[in-house]
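Below are the chains, spelled out letter by letter.
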Amino acid sequence: MQETVVCVATSERTWRSLGRYCFNAPFIANRDRFDLAVGFNGDDPEGRRYLDTLTPEYILTRPNTGHDLANFDNLIKNIPGYAHYILLHDDHWFYDDMWFERLEELHASSPAIGVFGNLVRFDLTGDFKEYHDRLCSDMGYTEVIGRPYPHFVQGLAGSYKGEVIRAMLEQDGIPHLHRSVQAAAQVFERVFSGLMLNQGVQFGQIPPGFELYLVHRDHSFVAIKLQQAAQHIADGNRDAAEEIFVMLHHLRPDDASVKVRVEAVRAGLSDPARNPVET
């Protein structure tokens, strides 16, 4: 038994994201350094066969309800206790071969931080605030209503000290509905963070910034790297740009859209799929 467990939430509808995102080459390169627990919402025999190739220490199946919060809750309640937990959705991933060591170093250098993840500004306005407050009241989480929290952990994905998970378990685990209601999942990821912040748990953003190390799909990473490559070309540093192109090819060898985007930037054009990136 390792000191760290990586808990991955997937489902019968989304498990193919594992091969594209979560279970990439950097993940596999570190597989011998952690135990792997996969929560599988629903039932798909092909998906289960794929999971077997990663030889998880734990595979926990459950009905496909409650989204990933219910999945994570089921995992932490039904596997042994660990000193360190890393929670990932099937479309979260690291691009750095040294990701596991870097997370260890972050915790060692910042012992006051209990959770490192992608932090989002705590925004409650309008109809969503009304829904949040009503749901929290109905579910008994009145202690988070009206509190001015600075941020929450996006999707609960990140690196946790074991004592944070144990503190959550003492409060009956991760809040969730037993139904697949997306708005409720968005409420409860905020409730989870609020409950932890109430207990004095400190959150830290994984450097260098939001979705730039613990990456969610291709929302930010590919666009930002291509922007960097374009700037290198504009500065006359084509070698640095080519290093970025090689890295993107290594990460997405069979992705035709990324190849088109790389060739456009290599030719001095703008990224054809460029989208504004949140900061």
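Remember, predicted model here, so these are calculated numbers, not experimental data.

## With respect to the sheet that holds strand β3 (residues 58–62)
Here comes step 1: Spatially, the seven strands line up as an open sheet ordered β3-β2-β1-β4-β7-β6-β8, and their pairing is mixed. A strand with exactly one partner marks an edge of an open sheet, and here the two such strands are β3 and β8 (202–205). Pairs of neighbouring strands in the sheet enclose a mean axial angle of 30 degrees, with direction left out of account.
Here comes step 2: Here six bridges tie strand β1 (residues 4–11) to strand β4 (residues 84–89), and the two strands are oriented parallel to one another. From the neighbouring strand, Val-5 faces β4, where its bridge partner is Tyr-85.
Here comes step 3: Sheet strands touched by helix α8 (residues 182–198): β7 (151–161) and β8. Its angle to β7, the strand with the most contacts, is close to 60 degrees.

## A look at the nonpolar core
Here comes step 1: If you look at the biggest cluster of nonpolar residues, it comprises 39 residues, and the most contacted ones within it are Ile-79, Tyr-85 and Tyr-160.
Here comes step 2: The leading source of residues in this core is α8, at seven residues.
Here comes step 3: If we ignore the near neighbours within four places in the chain, the residues touching Ile-79 are Val-5, Cys-7, Ala-37, Tyr-58, Leu-60 and Tyr-85.
Here comes step 4: Judged by nonpolar contacts, the second largest core, of 26 residues, contains Phe-23, Phe-40, Ile-86 and Ile-113.

## Overview of the pattern of salt bridges
Here comes step 1: All chains considered together, the criterion is met by 14 salt bridges.
Here comes step 2: One salt bridge in this structure joins Asp-172 and Lys-77, with 3.8 Å as the shortest N-O distance. Taken together, the positions of Asp-172 in the loop between α7 (162–170) and α8 and Lys-77 in helix α4 (residues 67–78) put the pair 95 residues apart, joining distant regions of the chain.
Here comes step 3: Judged by relative accessible area, Asp-172 falls into the exposed class, the value being 59%.
Here comes step 4: Taking relative accessible area as the criterion, Lys-77 reaches 38% and is therefore assigned partly exposed.
Here comes step 5: A salt bridge links Arg-266 to Glu-242, with the shortest nitrogen-to-oxygen separation between them at 2.9 Å. Within this pair, whereas Arg-266 is found in helix α11 (residues 256–266), its partner Glu-242 is found in helix α10 (residues 238–251), the two being separated by 24 residues in sequence.
Here comes step 6: Overall, the relative accessible area of 27% leaves Arg-266 in the partly exposed class.
Here comes step 7: Among the residues examined, Glu-242 registers a relative accessible area of 25% and is labelled partly exposed.
Here comes step 8: Among the charged side chains, a salt-bridge network with shared partners connects Asp-73, Lys-77 and Asp-172.

## Here we look at the packing of α7 against α8
Pairs of packed helices are described in terms of their axes, by the angle between the two and the distance that separates them.
Here comes step 1: At a minimum axis separation of 11 Å, α7 and α8 run at an interaxial angle of 105 degrees. Taken together, the axes of α7 and α8 lie roughly perpendicular to each other. Every residue of α8 that contacts α7 at Val-164, Ala-167 and Met-168 is listed here: Phe-192, Leu-195 and Met-196.
Here comes step 2: By residue class, the composition of the contact of α7 with α8 is six nonpolar, no polar and no charged.

What counts, and where the lines are drawn
- Residues numbered from 1 in each chain as written.
- Predicted model: local features only at pLDDT ≥ 70, side-chain atom pairs only at ≥ 80, totals over all residues.
- Heavy atoms only, no water.
- Pairing = 2+ DSSP bridges.
- Helix = DSSP H or I, 4+ residues; strand = E, 2+ residues; numbered from the N terminus.
- Axes fitted to C-alpha atoms, helices over the stretch in contact; angles between N-to-C directions.
- Contact = heavy atoms within 4.5 Å.
- Core = buried A, V, L, I, M, F, W, Y, C linked by side-chain atoms within 4.5 Å.
- Buried < 20%, exposed > 50% of the residue type's maximum accessible area, 1.4 Å probe, protein only.
- Salt bridge = Lys/Arg side-chain N within 4 Å of Asp/Glu carboxyl O.
- Parallel < 35°, antiparallel > 145°, perpendicular 65-115°, else oblique.
- Nonpolar A, V, L, I, M, F, W, Y, C, P; charged D, E, K, R; others polar.

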